[in-house]
Amino acid sequence: MIALARRITAVCALGAALAACGTADPAKPARPAHAEPHASVSPSPAGTPTMAAGPGGLTPVFEHGPRDRGKTVALTFDADMTADEGPRAAAGERFDNPGLISALRTLKVPATVFMTGRWAEEYPDQARALGHDAQFDVANHSYSHHAFTGDCYGLPTVAPDAELGEVQRTYAALRKAGVPNPMPYFRFPGGCYDRDALRAVSGAGVTAVQWDVISGDAFATDADAVVRQVLDGVKPGSVVVMHCTRSAAPTTEKVVRAVVPELRRQGYRFVKVSELIRESGTRR
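Residues numbered from 1 in each chain as written. Predicted model: local features only at pLDDT ≥ 70, side-chain atom pairs only at ≥ 80, totals over all residues. Heavy atoms only, no water.

A. Quick look at the overall build of the chain. Scanning the chain from N- to C-terminus turns up 10 helices and 9 strands. By residue count, 56% of the 284 residues in the chain fall in the buried class. Partitioning the intrachain contacts of the chain with sequence separation of at least 6 by distance along the chain shows that 81% fall at a separation of at least 24. (Helix = DSSP H or I, 4+ residues; strand = E, 2+ residues; numbered from the N terminus. Buried < 20%, exposed > 50% of the residue type's maximum accessible area, 1.4 Å probe, protein only. Contact = heavy atoms within 4.5 Å.)

Laid out in structure tokens, this is it:
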């Protein structure tokens with residue numbers, strides 16, 4: 001895991017952008033320690049790579065893959081839509097990004113999409129297509145995109161006794177939309193979590209997936225600046241966080257079309273998060 005100060009800075013930049021709430025005072029979540037493997041039920045088929053649970057069965061947290069096993073990088077995309085954004089979608093705001101997905105397919109880039117349950121309900125055809133495409137892994141980003149800790153950049157907060165239900169409701173929404181095998185990976189809204197949140201969702205049998213490279217694509221208008229930020233941040237094993245939401249991240253397709261050939265020129269190979277976790281060698 002990256003150092004706590006780096007994680008707080010990263011989450012602040014992303015969380016403030018996602019919540020469009022400026023500079024909230026960053027939370028200071030506890031960091032889970034590594035532990036021996038702990039048996040748990042996975043929402044995906046047997047054999048899917050997951051991390052060992054933390055002490056007492058705490059949900060494990062994954063931030064990047066090995067730095068010494070070749071130049072691999074995982075591009076991840078958050079398909080964000082909150083529970084209360086239905087009227088905005090009905091009025092014409094687009095929370096999807098078909099052009100981005102098309103670009104990834106054309107460029108033959110494997111990717112992991114962290115999808116909220118509300119997004120899957122709004123765009124079931126797209127969710128189904130991603131779920132049936134071996135180039136993509138579809139994972140869980142909560143149902144409502146509400147925070148799992150207090151003071152998370154202005155996001156509404158999920159009640160502690162409802163946190164596990166948020167994860168389970170999302171898997172139900174993904175399957176209802178036609179995603180046959182959603183991955184046992186969960187990304188906390190805003191990247192905010194603490195020990196209580198890790199304990200609350202442990203019954204879902206998931207690995208919490210963070211990142212070590214923030215693209216800065218949320219609400220960005222300068223694609224070149226985002227490209228530079230990604231290229232400057234990527235290291236072997238990196239997990240890059242981007243977004244699959246046209247209204248909130250309008251430059252992402254252009255960024256991907258620039259970043260992918262350059263990283264390939266540098267010798268990087270694109271993989272899904274599942275491959276990075278497999279390379280890390282810590283399984284349940």
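Next, the rest of the story.
B. Representation of the pattern of salt bridges within the structure. In the structure shown here, the tally under the stated rule is 15 salt bridges. Note that Arg 94 is salt-bridged to Asp 96, the shortest N-O span being 2.7 Å. Residue classification places Arg 94 among the partly exposed positions, given a relative accessible area of 37%. Among the residues examined, Asp 96 registers a relative accessible area of 0% and is labelled buried. (Salt bridge = Lys/Arg side-chain N within 4 Å of Asp/Glu carboxyl O.)

C. Quick peek at the environment of Tyr 268. Topologically, Tyr 268 is positioned in the loop between helix H9 (252-265) and strand E9 (269-270). A C-alpha to C-alpha distance of 10.0 Å links Tyr 268 and Ala 74, two positions 194 residues apart in sequence. Ignoring anything within four residues of it in the chain, the contact list for Tyr 268 reads Lys 71, Thr 72, Val 73, Val 234, Lys 235, Pro 236 and Leu 263.

D. Molecular detail of the confidence of the model for the chain. With 83% of its residues at a pLDDT of 70 or more, the chain shows a mean pLDDT of 87. The low-confidence segment residues 1-43 (pLDDT under 50) makes 107 contacts with residues lying over four places distant or belonging to another chain. (pLDDT = per-residue confidence, 0-100.)

E. Representation of the packing of aromatic side chains within the structure. Evaluated as defined, the whole model comprises 5 aromatic pairs. Seen in terms of ring centroids, Trp 119 and Tyr 123 are 5.0 Å apart; in terms of plane orientation they differ by 55°. Their pairing is tilted. Residue classification places Trp 119 among the buried positions, given a relative accessible area of 1%. Among the aromatic residues, those joined into a cluster by ring pairs are Phe 148, Phe 186, Phe 188 and Tyr 193. Lying across the ring of Tyr 143, Arg 169 places its NZ or CZ 3.6 Å from the centre. Of note, Arg 187 hangs over the ring of Phe 114, and the distance from its end group to the ring centre comes to 4.2 Å. (Phe/Tyr/Trp six-rings, centres within 6.5 Å; stacked < 30°, edge-to-face > 60°. Lys NZ or Arg CZ within 6 Å of the ring centre and 35° of its normal.)

F. The state of the cysteines, seen in detail. Taken as a whole and assessed by the stated rule, the structure comprises 1 disulfide. What pairs with Cys 152 in a disulfide is Cys 192, and their sulfur atoms sit 2.1 Å apart. Taking the torsion about the S-S bond as the criterion, the Cys 152 to Cys 192 disulfide, at about 85°, is right-handed. Remark: Cys 192 occurs in the loop between strand E5 (185-186) and helix H7 (195-200) and Cys 152 occurs in the loop between strand E4 (136-140) and helix H6 (163-177); sequence separation between them is 40 residues. You'll find Cys 152 and Cys 192 in the same group, each marked buried. (Disulfide = S-S within 2.5 Å.)

G. Here's a closer look at the nonpolar core. Counting residues in each nonpolar core, the largest one holds 56 residues, and the members touching the most others are Phe 77, Leu 104, Met 115 and Phe 188. Setting aside anything within four residues of it in sequence, one finds Phe 188 in contact with His 141, Phe 148, Tyr 193, Ala 197, Leu 198, Val 201, Ala 208 and Gln 210. Grouped together as the second largest cluster of nonpolar side chains are 16 residues, Ala 74, Val 239, Val 241 and Val 271 included. (Core = buried A, V, L, I, M, F, W, Y, C linked by side-chain atoms within 4.5 Å.)

H. Structural detail: helix H8 (residues 223-233). For H8, every residue scored as buried is listed here: Ala 223, Val 226, Val 227, Val 230 and Gly 233. In a view along the axis of H8, the buried residues occupy a sector of 145°, so they form one face of it. Contacts made by the buried residues of H8 are with strand E7 (213-214), strand E8 (238-243) and H9. One side-chain oxygen of the residue at the start of H8 lies 3.1 Å from the amide nitrogen of Asp 224, identifying that residue as Asp 222. (Arc of directions from axis to C-beta. Polar contact = N/O pair within 3.5 Å; in protein donor to acceptor, adjacent residues only side chain to side chain.)

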